[in-house]
Amino acid sequence: MGALAAGGWLLRPDNRGTAHNAYFQAINDYLKQAGPGRPLMLVDRQRLADNCRTLMAMIPAGCDFRIVAKSLPSVPLIQEVMTHTGSRRVMVFHQPFMNALADAQPDCDMLMGKPMPVQAARRFYQELGDDSGFDPDQQLQWLIDGLPRLQQYLELARSLGRRLRINVEIDVGLHRGGLTDPQQLDALLSLIDANPQYLTFSGFMGYDAHVGKLPGFIQSAREGHRETEAIYRAYIDRLYQQAPQYRERSLCFNGAGSPTVALYSDGTHLNELSAGSCLVKASDFDLPLLEAFQPAVFIAAPVIKSLDGLNLPGPLPLGDLWQRWDPNRQHTYFIYGGFWKAQPVSPDGIQANPVYGSSTNQMMYNGSSDTALAMDDQIFFRPTQSEFVLLQFGDLAIWNGQSLDSWWPVLPQGQGA
Ligand SMILES: Cc1ncc(COP(=O)(O)O)c(C=O)c1O
């Protein structure tokens, strides 16, 4: 028994706690004095600009860059990325975002990132003002994953008296739908070509998020990438064989996403690459191929209560024993909010308490005494992904290195029916 206790003592975790580094301390001190006293989603404007430069250096010659709107869900955020990258192309996934972007940035060019229920497409046209500078017949490509949806969109085009641009989703290995065989293209092209007043073929979209996800001994990212390029090429070949007139047209061959954008090189058959997440780099994007990007979004949550020790409810002195054994449980913080898809990042060594449980109101975190936070200090978190978490804090708080210089509204989710 004694030996067991001694062994347990020897296995004690090291003290991983430190105070904030200079970067987070500066934000902490600013917010403590001038912040609104609630959890915020911070965007580091300088890091965002640096990430845009890093990304543009990766885009091969002959390829355009398309901004993935869902991963940067704020009109001013997307506009800032447009300024730094020169791109006006956006990939959109949600009808209310589409209308907001068409209103705010009428010179943008939209490609759908997923096939939309035809009712959502109809709604987009209903909400688009008659005097909008955005011309969907020229600036919008709907995504179509098969014949039944194409037939629905043909009906929509007839009822609206418009010509819709049709981009075809192809399965390059992700197996999330779309065409699975180049020959399936023939039926779509026939329907499009039989209805030229209502439909135009505008290109392909083949997303490759599966690449690099398999263990290296099964398939390396580069092998996976070569395979997706070959599959993509087979669709382009089929198109040009079946309908050689398309060789002369300017088409959109879109692919990639943050995890794979670095794999494309000058010889690619694609002419357009999409990415969004890498520009703010939530923690799911801590990937070797994205090493050159810096985290540019953080949650800052005020500490409401800073308490010595670990005091767990109940008759047993569990908390006391635990904090003696693990120095990273010596201190207890209750923060404003919590339970986001996010991991604490500063101070070092902060962790949730799985025994106490989670709360969206006042979540408990523990750290060693060296984390040294007082009431009204901040704990910083990195979201694990951006598309949902960035929508949870109201306006985005824009950090310029010294202060919060702007507040950027996030994109709307939708109103009424
Ligand atoms: C069709 C499509 N393209 C590209 C992306 C890449 O987006 P990100 O760069 O934000 O990962 C996504 C993300 O889900 C997608 O669905």
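Everything below is about the structure shown above.
Residues numbered from 1 in each chain as written. Predicted model: local features only at pLDDT ≥ 70, side-chain atom pairs only at ≥ 80, totals over all residues. Heavy atoms only, no water.

Caption draft 1: Summary view of a nonpolar patch on the surface. On the surface, Trp9, Leu11 and Trp325 cluster together into a nonpolar patch covering about 370 Å² of accessible area. Its location among the elements puts Trp325 in helix α11 (residues 318–325). A relative accessible area of 34% places Trp325 in the partly exposed class. (Patch = residues over 30% accessible without salt bridge, like charges linked within 9 Å, V, L, I, M, F, W, Y side chains within 5 Å. Areas by Shrake-Rupley, 256 points an atom, 1.4 Å probe, with all protein chains shown as cover. Salt bridge = Lys/Arg side-chain N within 4 Å of Asp/Glu carboxyl O. Helix = DSSP H or I, 4+ residues; strand = E, 2+ residues; numbered from the N terminus. Buried < 20%, exposed > 50% of the residue type's maximum accessible area, 1.4 Å probe, protein only.)

Caption draft 2: Inspection of empty space enclosed by the protein at higher detail. Inspection of the entire model under this criterion finds two cavities of 30 Å³ or more. What lines the largest cavity is simply Glu169, Ile170, Asp171, Val172, Leu174, His175, Arg176, Gly177 and Tyr207. Looking at the lining of the largest cavity residue by residue, the class counts come to four nonpolar, two polar and three charged. Roughly 40 Å³ of internal volume is contained in the second largest cavity. Together, Leu31, Gly35, Pro36, Gly37, Arg38, Leu40, Ala300, Pro302 and Gln378 line the second largest cavity. Among the residues forming the lining of the second largest cavity, the class breakdown is five nonpolar, three polar and one charged. (1 Å grid on protein atoms, 1.4 Å probe; cavity = no way out; pocket = protein on both sides within 12 Å on 5 of 7 lines; lining within 4 Å. Points joined across faces, edges and corners; volume = space filled by probe spheres on them. Nonpolar A, V, L, I, M, F, W, Y, C, P; charged D, E, K, R; others polar.)

Caption draft 3: Local environment of the side chain of Gln351. Note that Gln351 resides in strand β13 (residues 351–352). The class for Gln351 is buried, based on a relative accessible area of 18%. Side chain to side chain, Gln351 and Arg16 meet in a polar contact 3.4 Å long. Beyond its immediate sequence surroundings of up to four residues, Gln351 is in contact with Arg16, Asp326, Asn328, Arg329, Tyr365 and Asn366. (Polar contact = N/O pair within 3.5 Å; in protein donor to acceptor, adjacent residues only side chain to side chain. Contact = heavy atoms within 4.5 Å.)

Caption draft 4: Layout of the side chain of Ser368. Checked against the element boundaries, Ser368 lands in the loop between β14 (364–367) and β15 (378–383). Looking at Ser368, the relative accessible area reads 0%, which means it is buried. At a separation of 2.9 Å, a polar atom in the side chain of Ser368 contacts the side chain of Asn15. Every residue in contact with Ser368, bar those within four places of it in the chain, is listed here: Asn15, Gly17, Pro327, Asn328, Gln330 and His331.

Caption draft 5: Looking closely at the site of the ligand. In the vicinity of the ligand, 16 residues are found, and the nearest of them are Lys70, Ser71, Ser258, Gly276 and Ser277. Within the contact set of the ligand, an oxygen atom lies 2.8 Å away from a side-chain nitrogen or oxygen of Lys70. Arg176 has a polar side-chain atom sitting 3.1 Å from an oxygen atom of the ligand. In isolation the ligand exposes 390 Å². Once the protein is present, 94% of that is buried. (Near = heavy atom within 4 Å.)

Caption draft 6: Highlighting the layout of surface pockets. Roughly 360 Å³ of internal volume is contained in the largest pocket. Lining the largest pocket we find 24 residues, and of these Val68, Lys70, Phe93, Tyr207 and Glu387 sit closest to its centre. Residues that form the lining of the largest pocket fall into these classes: ten nonpolar, ten polar and four charged. Within this model, the second largest pocket holds a volume of roughly 200 Å³. Contributing elements (two or more residues each) for the lining of the second largest pocket: α5 (95–104) and α6 (118–127). Its residues assigned to classes, the lining of the second largest pocket shows three nonpolar, seven polar and two charged.

Caption draft 7: Up close: the packing of aromatic side chains. The full count for this structure, using the stated rule, is 19 aromatic pairs. With a centroid separation of 4.8 Å and an interplanar angle of 35°, the aromatic rings of Phe24 and Phe380 are classed as tilted. A residue pair is termed long-range when its members are at least 10 positions apart, and Phe24 in helix α2 (residues 22–34) and Phe380 in strand β15 qualify at 356 residues. This pair shows no difference in class: Phe24 is buried, exactly as Phe380 is. Where Phe124 meets Phe134, the ring centres are 6.3 Å apart and the plane angle is 85°; that geometry is what we call edge-to-face. With a gap of ten residues between them, Phe124 in helix α6 and Phe134 in the loop between α6 and α7 (136–139) connect regions that are remote in the sequence. (Phe/Tyr/Trp six-rings, centres within 6.5 Å; stacked < 30°, edge-to-face > 60°.)

Caption draft 8: Focus on the packing of helix α4 (residues 75–85) against α5. Look at α4 against α5: their axes get within 11 Å of each other, and the N-to-C directions meet at 55°. With respect to α5, the axis of α4 lies oblique. The way α4 lies across α5 gives a crossing that is right-handed. When α4 is examined against α5, the residues Val75, Ile78 and Gln79 are found in contact with a partner set consisting of Ala100, Leu101 and Ala104. Its residues placed into classes, the contact of α4 with α5 shows five nonpolar, one polar and no charged. (Axes fitted to C-alpha atoms, helices over the stretch in contact; angles between N-to-C directions. Parallel < 35°, antiparallel > 145°, perpendicular 65-115°, else oblique. Left-handed = near helix turned anticlockwise from the far one by under 90°.)

Caption draft 9: The sheet that holds strand β4 (residues 109–112), seen in detail. Read around the closed barrel, the eight strands follow the order β2-β3-β4-β5-β6-β7-β8-β9; overall the barrel is parallel. Looking at each pair of strands side by side, their axes are set apart by 30° on average, direction ignored. Bridge count for β4 against strand β5 (residues 140–144) is two bridges, and the pairing is parallel. Note that in β5 the partner of Met110 across the bridge is Leu140. Where α4 meets the sheet, its contacts fall on β2 (64–68) and β3 (89–92), and the angle it forms with β2 comes to roughly 165°. (Pairing = 2+ DSSP bridges.)

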